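# Fold and contact review
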Amino acid sequence: MPLDIVIGTQWGDEGKGRVVDLLAGSADFVARYNGGDNAGHTVTVGDRIFKLHLVPSGILHPHSVAVIGNGLVVNPAVLLEELETLNNAGVDVSPDRLRLSYAAHLITPAHLALDRAQELARGKSNIGTTLRGIGPAYVSKASRQGLRMEAMLDVDTFADAIRAHIEDANRMLTGIFHVEPLDARAVANQFVDYARRLTPYIADVAAVLSDALAAGRRVLAEGAQGTLLDLDHGTYPFVTSSSPVAGGALIGLGLGIGFVERVIGVTKAFQTRVGSGPFPTELDGETALHLRGSGSQPWDEYGTTTGRPRRVGWLDLVLLRYAVRVNGLTELVVSKLDILSGLDPLFVCSAYRMDGKTIPDLPFGPGNLARFEPVYTQLPGWREDIQSARRWEDLPAAARSYILTIEEQCGVPVRLISVGPERDQIVVID
Ligand code: IMP
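This one's a predicted model, so the numbers in the text were calculated from it and none came from an experiment. (Residues numbered from 1 in each chain as written. Predicted model: local features only at pLDDT ≥ 70, side-chain atom pairs only at ≥ 80, totals over all residues. Heavy atoms only, no water.)

Here we take up empty space enclosed by the protein. Within this structure, the stated rule accounts for 1 cavity of 30 Å³ or more. Roughly 30 Å³ of volume is contained in the largest cavity. Lining the largest cavity, in full, are T9, Q10, L228, T267, Q271, L315, D316, L319 and L320. At the level of secondary structure, the elements contributing two or more residues to the lining of the largest cavity comprise β14 (315–316) and α10 (317–327). Counted by class, the lining of the largest cavity contains 4 nonpolar, 4 polar and 1 charged residues. (1 Å grid on protein atoms, 1.4 Å probe; cavity = no way out; pocket = protein on both sides within 12 Å on 5 of 7 lines; lining within 4 Å. Points joined across faces, edges and corners; volume = space filled by probe spheres on them. Helix = DSSP H or I, 4+ residues; strand = E, 2+ residues; numbered from the N terminus. Nonpolar A, V, L, I, M, F, W, Y, C, P; charged D, E, K, R; others polar.)

In structure tokens, the structure reads:
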């Protein structure tokens, strides 16, 4: 059963890319299963830094194949740009290194224009989307009007389908949102060019992966965003339009349930969020500045895709327990523990209070989070810089007790802790 799934347990940006990068070394396939170029991770190889939004980071490991599953929505312009950047950097991006599901859906300029127009129309109650056309592309898919990758295999009918799709969207753009229409013919021409370049990558990904798994090869499923942004299980309506949770990996790759081995949840040592929506443990002032950083470093809390400063707060163990349950996590990875150095005391939210009652877990999932007040447990902080720690024993007692509190309250072991931005700045726990 060699399918491992890496999942964000929070609102995205947990540091999943780092964990995937670490595990990709022993994986034959690294597969994305949800979302699109709303995701973003920075991978450092030697002295080169790659910012990838769509292509799984497995492409950077010469022996593994990168896979884009049917659960994704793909902007072909972004995909081709990333492939070109990688190619220019000497990375092999030939079709046998990247497989694109025939059933993944396309993001078009109409989806981008609709995302923007809808966010503007929402005014103050906007979702704070990444404006990458994600929601509208999944709407096309669910309303059975989407364009799948396989449509590109016949360029003549594809050009007609794109034109009809843009003309359809133009009626909404002009009629409802009063914005300029798109040039349907120009978009169709552009997409025919994309089709010519992407056709060699299109494959029956579900069959490729199932056969590989049955033959004992290892597949690493890489979730984008996080549990609390899941369309069904997140802080609805302030969510993305796909399924980042573990179940999404099976649907988004077309795999049977029996292959799953490890379900690895990644959590930051504190909480962050970009975009709107409830956040019970949110902080401002000095502590927030400490957690967020000034923005001068790539690992400071500013969005990789949007550049927006992230909202920050204390670690919420009620939500982490929820993520353990919804995903069936077998283990946890805690990232950015080093950022807590110098904060004393520390707090974690271990229950919520509502109508005078203290409750340990969410009664109806996280949709109504705004109604709850966090109940904090105070923990001792530490002053030491822990970036050079590599073993459990190297961590100060207070840092160890912080990790043990997470394990005790969530009921799953912490296997890995990241203590700095470099690849080797990790503590592996046996
Ligand atoms: P969308 O996915 O662009 O529709 O955005 C919906 C919500 O998900 C917004 O609050 C975004 O900020 C958030 N979001 C989407 N992708 C990411 C991500 O990769 N990291 C963190 N937040 C994300």
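Don't stop here, the text continues.
What follows concerns the nonpolar core. Ranked by size, the top nonpolar core spans 58 residues in total, and within it L337, L340, Y402 and I406 carry the most contacts. Counting residues per element, this core draws most heavily on helix α11 (residues 397–410), at 6 residues. Counting 43 residues, the second largest nonpolar core, distinct from the first, contains I59, A110, L198 and Y201. (Core = buried A, V, L, I, M, F, W, Y, C linked by side-chain atoms within 4.5 Å. Buried < 20%, exposed > 50% of the residue type's maximum accessible area, 1.4 Å probe, protein only.)

What follows deals with the sheet that holds strand β20 (residues 426–428). The 10 strands are arranged β9-β7-β5-β2-β10-β1-β11-β15-β19-β20 in an open sheet whose pairing can be described as mixed. For this open sheet the edge positions go to β9 (202–203) and β20, each flanked by a neighbour on one side alone. Where strand β1 (residues 3–8) lies against strand β10 (residues 219–222), 4 bridges are found, and the strand directions are parallel. Within β10, the position partnered with L3 by the bridge is V219. (Pairing = 2+ DSSP bridges.)

Let's shift gears to the site of the ligand. Near the ligand, the surroundings consist of 15 residues, among which D13, N38, T130, T240 and R308 are the closest. Separating an oxygen atom of the ligand from a backbone N or O atom of G128 is a distance of 3.3 Å. A distance of 3.2 Å is found between an oxygen atom of the ligand and a backbone nitrogen or oxygen belonging to V274. Coverage of the ligand by the protein chains reaches 96% of its 470 Å² of free accessible surface. Taken together, the residues of the shell around the ligand sort by class into 6 nonpolar, 7 polar and 2 charged. Counting contributing residues, the shell around the ligand receives three or more from each of domain 1 (3–90 + 205–428) and domain 2 (105–200). (Near = heavy atom within 4 Å. Polar contact = N/O pair within 3.5 Å; in protein donor to acceptor, adjacent residues only side chain to side chain. Areas by Shrake-Rupley, 256 points an atom, 1.4 Å probe, with all protein chains shown as cover. Domains from an automatic or database assignment.)

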